[in-house]
Amino acid sequence: MTTPTMTPATLPISIEFFPPQTPEGADKLRATRARLAALNPEFFSVTYGAGGSTQERTFAIVREIQDEGRAAAPHLSCVGATRESIREILAGFRAQGIRRIVALRGDLPSGMASLGEFRYASDLVSFIRAETGSAAEGGFHLEVAAYPEVHPQAASFESDLAAFVTKARAGADSAITQFFYNPDAYAHFVARVRDAGVEIPIVPGIMPIASYTKLARFADQCGAEIPRWVRRQFEAYGDDAEAVREFGLEVVTGLCRTLIAQGAPGLHFYCLNQADLTLEIVRRLKA
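Everything quoted here is computed from the prediction, not taken from an experiment. (Residues numbered from 1 in each chain as written. Predicted model: local features only at pLDDT ≥ 70, side-chain atom pairs only at ≥ 80, totals over all residues. Heavy atoms only, no water.)

**Points about the overall build of the chain**
Here is step 1: If you tally the helices and strands in the chain, you get 10 helices and eight strands.
Here is step 2: Relative to the globule expectation of 19 Å for 287 residues, the C-alpha radius of gyration of the chain, 19 Å, shows essentially globular dimensions.
Here is step 3: Long-range pairs, those at least 24 residues apart, make up 77% of the contacts in the chain between residues at least 6 apart in sequence.
Here is step 4: Each charge class in the chain can be summarised by its mean position, and for the 29 positive and 33 negative side chains these summaries are 1 Å apart. (Helix = DSSP H or I, 4+ residues; strand = E, 2+ residues; numbered from the N terminus. Rg over C-alpha atoms; globule rule 2.2 N^0.38 Å. Contact = heavy atoms within 4.5 Å. Lys, Arg positive; Asp, Glu negative; His and termini not counted. Charge placed at Lys NZ, Arg CZ, Asp CG, Glu CD.)

**As for the packing of helix α3 (residues 83-96) against helix α4 (residues 121-132)**
Here is step 1: At a minimum axis separation of 11 Å, α3 and α4 run at an interaxial angle of 55°. Here α3 lies oblique to α4, going by the angle between them. The hand of the α3/α4 crossing is right-handed. The segment α3 lies against α4, with R83, I86, R87, L90 and R94 engaging L124, F127, I128, E131 and T132.
Here is step 2: Class assignment for the residues of the contact of α3 with α4 results in five nonpolar, one polar and four charged. (Axes fitted to C-alpha atoms, helices over the stretch in contact; angles between N-to-C directions. Parallel < 35°, antiparallel > 145°, perpendicular 65-115°, else oblique. Left-handed = near helix turned anticlockwise from the far one by under 90°. Nonpolar A, V, L, I, M, F, W, Y, C, P; charged D, E, K, R; others polar.)

**Looking at the side chain of E143**
Here is step 1: Here E143 is to be found in strand β5 (residues 141-146).
Here is step 2: Exposure remark for E143: the relative accessible area of 3% places this residue in the buried category.
Here is step 3: In contact with E143, not counting residues within four places along its chain, are F43, R100, I101, V102, A103, S174, A175 and I176. (Buried < 20%, exposed > 50% of the residue type's maximum accessible area, 1.4 Å probe, protein only.)

**With respect to the pairing of strand β6 (residues 174-179)**
Here is step 1: Burial within β6 is extensive, with five of its six residues counted as buried.
Here is step 2: Sheet analysis places β5 next to β6, joined by four bridges and oriented parallel. Note on β6: the bridge partner recorded for V144 is A175.
Here is step 3: One crossover worth recording links β5 to the parallel β6 by way of helix α5 (residues 157-171), and it is right-handed.
Here is step 4: Pairing between β6 and strand β7 (residues 202-206): three bridges, direction parallel. Directly across from I176, in β7, lies its bridge partner V203.
Here is step 5: You can see the chain leave β6, run along helix α6 (residues 183-195) and come back into β7, and the turn it takes is right-handed. (Pairing = 2+ DSSP bridges. Right-handed = clockwise from strand over helix to strand, strands pointing away.)

**Some points on the packing of α6 against helix α9 (residues 241-262)**
Here is step 1: Two elements in contact, α6 and α9, have axes separated by 10 Å at closest approach and are oriented at 25°. One finds that α6 runs roughly parallel with respect to α9. Every pair of crossing elements has a handedness; the one defined by α6 and α9 is right-handed. Residues P183, Y186 and A187 of α6 lie in contact with α9, whose contacting residues are L255, T258, L259 and Q262.
Here is step 2: Taken together, the residues that form the contact of α6 with α9 break down as five nonpolar, two polar and no charged.

**Let's talk about the environment of P208**
Here is step 1: Here P208 is to be found in the loop between β7 and α7 (212-222).
Here is step 2: The buried category is assigned to P208, whose relative accessible area is 9%.
Here is step 3: Aside from chain neighbours lying at most four places away, what touches P208 is V252, F269, Y270, L277, T278 and I281.

**Here's the deal with the packing of aromatic side chains**
Here is step 1: According to the stated counting rule, one finds 12 aromatic pairs in the structure shown.
Here is step 2: Seen from their ring centres, F93 and F140 are 6.5 Å apart, and the 80° between their planes marks the pair as edge-to-face. Taken together, the residues span a long stretch of sequence, with F93 in helix α3 and F140 in the loop between α4 and β5 at a distance of 47 residues. With respect to burial, F93 and F140 carry one shared label: buried.
Here is step 3: Members of the aromatic cluster, joined through ring pairs, are Y212, W229, F234, Y237 and F247.
Here is step 4: Note that R83 overlies the ring of F118, its terminal NZ or CZ placed 5.4 Å from the centroid. (Phe/Tyr/Trp six-rings, centres within 6.5 Å; stacked < 30°, edge-to-face > 60°. Lys NZ or Arg CZ within 6 Å of the ring centre and 35° of its normal.)

Written out as structure tokens, the structure is:
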């Protein structure tokens with residue numbers, strides 16, 4: 001079967017939010033969602049704090065998105081969880097009409113001694129499939145995480161690749177990558193996954209650049225590489241916020257164009273609860 005060639009005008013996009021901590025933040029996110037809805041995203045995803053620490057806020061945002069007539073995909077991490085607690089959450093999702101989940105291992109929060117009954121994200125995927133069936137059978141569409149530049153806790157590229165293949169074979173429908181700025185890393189990762197016989201869509205995660213300082217901190221935390229030439233240019237701009245913004249837009253728009261040319265099946269934007277940069281990147285891609 002021939003896969004249709006995507007263009008910037010037809011490429012599916014999705015957008016991620018995090019749960020605000022204050023009523024003011026919640027109001028701002030509603031305004032952000034209203035603006036980003038104009039892009040007609042395939043879905044909005046909502047993150048889930050370490051050990052389920054934002055569970056109620058995550059689910060509240062998901063309910064709002066669903067009530068607005070948009071598809072929502074809650075993140076669900078399994079660190080510290082029991083099978084019964086996950087079973088209850090899944091029942092709640094089904095009652096709410098949620099059809100897509102981003103299934104993750106998650107981070108062990110400070111002070112939590114046990115991983116719980118699930119050690120890996122593949123265990124969570126297998127459990128959800130056993131409980132609810134495949135997406136074709138009316139179960140959830142399961143997204144999993146992918147790391148083109150290797151998960152920071154992985155022993156090697158090969159072990160991380162094997163872990164991803166295990167998640168996919170456990171029943172994942174598609175994957176979203178950690179953000180990156182080296183398209184060759186994405187192309188290499190996808191090629192190795194295909195060599196392993198895994199054909200699920202792998203959607204690149206895109207991080208717009210609002211602040212080089214914040215970007216460098218995020219990248220250091222998650223092991224994402226910022227190419228040397230990009231770092232040096234941002235450093236040269238210093239405190240010139242407008243120059244940083246424009247250069248960031250050029251870098252990320254160029255990355256997206258390259259990924260589309262490589263055959264990326266979609267783009268997933270880590271918008272950090274802001275609308276302007278994502279809107280502008282998509283506008284430039286479609287221009």
